[in-house]
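Listed below are the residues making up each chain.
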Amino acid sequence: MTQTALTHLKVLDLSWHIAGPYCTKILADYGAEVIKVERPETGDPSRAAGPFKNNEENLNASGLFAYLNNNKQSITLDLKSEQSIRIIKQLVKDMDLLVENFAPGVMQRLGLDYETLKAINPKLVMVSISNFGQQGEFAHYKATEIITQAMSGFLSSVGEPNREPVRAAGQLRILEYITGTFAASSAIAACRGARVAGIGAHLDISIAEMGLLQRSYPTVQNSYPTSVFKYEGRYVMLPGIEQCKDGHVGISVLTGQHWQGFCFMIEAYDWVEDERFTTLPQRLMHKDIFQERLDAFLMERTTEEVLALGNEWRVPVTLVPTFKDLLSLDQYVEREFFVEVNHPELGIMKQPGAPFRMSKTPWSIRTSAPLLGEHNEKTFKPFYDKSTQV
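Everything numeric in this text was worked out from a predicted model, so none of it was measured.

With 12 residues, helix α12 (residues 287–298) should cover 16 Å at 1.5 Å per step; its first-to-last C-alpha distance of 16 Å lies within 8% of that length. Residues Phe290, Gln291, Leu294, Phe297 and Leu298 constitute the buried set of α12. What you see down the axis of α12 is that its buried residues fit within an arc of 130°, all on one side. The exposed residues of α12 that point more than 90 degrees off its buried face are Asp288 and Glu292. In this structure, the buried side of α12 is in contact with β7 (241–243), β8 (248–251), α10 (256–265), α11 (280–285) and α13 (303–313).

On the surface, a cluster of nonpolar side chains totalling about 240 Å² of accessible area is made up of Ile146, Ile147 and Met151. Within the element layout of this structure, Ile146 appears in helix α6 (residues 145–151).

Okay, the pairing of strand β1 (residues 10–13) next. In this sheet, strand β2 (residues 33–38) lies alongside β1 in parallel orientation, the contact comprising 4 bridges. Following the sheet pairing, Asp13 is matched in β2 by Lys36. Handedness of the β-α-β unit built from β1, helix α1 (residues 19–29) and β2 comes out right-handed. When β1 meets strand β4 (residues 97–100), the two strands line up parallel, connected through 3 bridges. Bridge pairing in β4 links Asp13 to Val99.

Attention now moves to the sheet that holds strand β5 (residues 125–130). Across the sheet, which stays open at both edges, the 6 strands sit in the order β3-β2-β1-β4-β5-β6 with parallel pairing between neighbours. Both edges of this open sheet fall to β3 (72–76) and β6 (201–206), since each of them pairs with a single strand only. Averaged over all pairs of adjacent strands, the angle between their axes in this sheet comes to 20°, without regard to strand direction. Across 6 bridges, the pairing between β5 and β6 is parallel. Opposite Ser128, over in β6, you have Asp204 as the bridge partner.

The strand order β7-β8-β9 describes an open sheet built from 3 strands, whose pairing is antiparallel. For this open sheet the edge positions go to β7 and β9 (317–319), each flanked by a neighbour on one side alone. Taken pair by pair, the neighbouring strands of this sheet meet at an average axis angle of 35°, ignoring direction. In terms of strand pairing, β8 meets β9 through 3 bridges, oriented antiparallel. Paired with Gly250 across the strands is Thr318, a residue of β9. Strand contacts of α12: β7 and β8, with the helix running at about 55° to β7, the strand carrying the most contacts.

Once that is clear, we can look at the pairing of β2. Counting buried positions over the 6 residues of β2 gives 5, a clear majority of the element. On the question of chirality, the crossover connecting β2 to the parallel β3 by way of helix α2 (residues 63–68) is right-handed.

For the rest of this paragraph, the subject is the packing of α1 against helix α7 (residues 174–197). Helix-helix packing is described using two parameters, namely the angle between the two axes and the distance between the axes. Between α1 and α7, whose axes approach to 7 Å, the crossing angle comes to 45°. Overall, the two elements α1 and α7 adopt an arrangement that is oblique. Along this stretch, α1 crosses α7, giving a crossing that reads as right-handed. Contacts from Ala19, Tyr22, Cys23, Ile26 and Leu27 in α1 reach Glu176, Tyr177, Gly180, Thr181, Ala183, Ala184 and Ile188 in α7. Taken together, the residues of the contact of α1 with α7 break down into 9 nonpolar, 2 polar and 1 charged.

The subject of this paragraph is the nonpolar core. Judged by nonpolar contacts, the single largest core of 44 residues is most densely connected at Val11, Leu27, Leu97 and Val127. Secondary structure elements with two or more residues in this core: α1, α2, β4, β5, α7, β6, α8 (207–211) and β10 (339–343). Considering each element in turn, this core owes the most residues, 8 residues, to α7. Filtering out sequence-adjacent residues up to four positions away, Leu97 remains in contact with Lys10, Val11, Leu12, Leu27, Leu124, Val125, Val127, Ala187 and Cys191.

Each value, and the rule that gives it
- Residues numbered from 1 in each chain as written.
- Predicted model: local features only at pLDDT ≥ 70, side-chain atom pairs only at ≥ 80, totals over all residues.
- Heavy atoms only, no water.
- Helix = DSSP H or I, 4+ residues; strand = E, 2+ residues; numbered from the N terminus.
- Expected span 1.5 Å × (residues − 1).
- Buried < 20%, exposed > 50% of the residue type's maximum accessible area, 1.4 Å probe, protein only.
- Arc of directions from axis to C-beta.
- Contact = heavy atoms within 4.5 Å.
- Patch = residues over 30% accessible without salt bridge, like charges linked within 9 Å, V, L, I, M, F, W, Y side chains within 5 Å.
- Areas by Shrake-Rupley, 256 points an atom, 1.4 Å probe, with all protein chains shown as cover.
- Salt bridge = Lys/Arg side-chain N within 4 Å of Asp/Glu carboxyl O.
- Pairing = 2+ DSSP bridges.
- Right-handed = clockwise from strand over helix to strand, strands pointing away.
- Axes fitted to C-alpha atoms, helices over the stretch in contact; angles between N-to-C directions.
- Parallel < 35°, antiparallel > 145°, perpendicular 65-115°, else oblique.
- Left-handed = near helix turned anticlockwise from the far one by under 90°.
- Nonpolar A, V, L, I, M, F, W, Y, C, P; charged D, E, K, R; others polar.
- Core = buried A, V, L, I, M, F, W, Y, C linked by side-chain atoms within 4.5 Å.

Shown next, in the form of structure tokens:
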């Protein structure tokens, strides 16, 4: 089939940085026509975030922007201008979906709130992404990733029980990508409903609430009486990510059978029934002894050797590849997961491919991320035609 899954979906993208653009990236990569509205001169803030080729800052050559905005068109509008607002309203007439992630209240102040846009296009679906949702005590609070992780309960789920909570390392923006994914799926459902019923919808999506999905497992556990199940409230593993002679491996000991296999794997036969180590709380209490013996075993072996031992003894063991390693990993090479994208400023680069695969209407990169304002002339020309009333 020449058509992709979302060929007939038209999206006006007023979002910026990660959560909103990742939502519209998913839609665009599966065929939607996405018109991205950016600030004149500076554009989406992710254009300034890099990484940049040769560390030379270039608004048209940000690796982050390039990944998040393939298959989109870029136009520039100053939303403080009345003419720009008129253009947005004109564009909305032909759209199925509008995505925005301004602070709550901004769209209303611009005269672009859902009620106003619904009067222009009753079938329009509008997705509003914000830190804490459109209502509530925290609705107007600004937030960084560590704040949304904390307020979602994510931080309190990670780390050793007798130490402080920890955040997901680095600048991963994990909750924003999770939010973007759920925003895309809910938008598709709402657009389907709009086409069937002829009525649009306003979707209110909170990054902090999306993060609460990460708490679903401990929440279920905490619903058990303490006499049945005692839970310390943190995700913690021992063993976990461990160092070998030439890199790192991840080791999971989830059941008694895993524990026995693990002891055989590291030749610690005397530990099989040693109560100091048979349960996770006991291993944490005797962590120094446990770690010293495990380190001595692993540092004499390569990651491939430990992986083979895990397979032999049926213990969950995984490689921990670097990003560079992932590009040549047989698993992903065989599935052709990474794709090459030819960008006018960045040249040929490799990016992650489809998040899921559809046999009949496949994911594809049709165009690289747009240059700032690249599609202004194409989009604005009808508005400046004398026959068109803006």
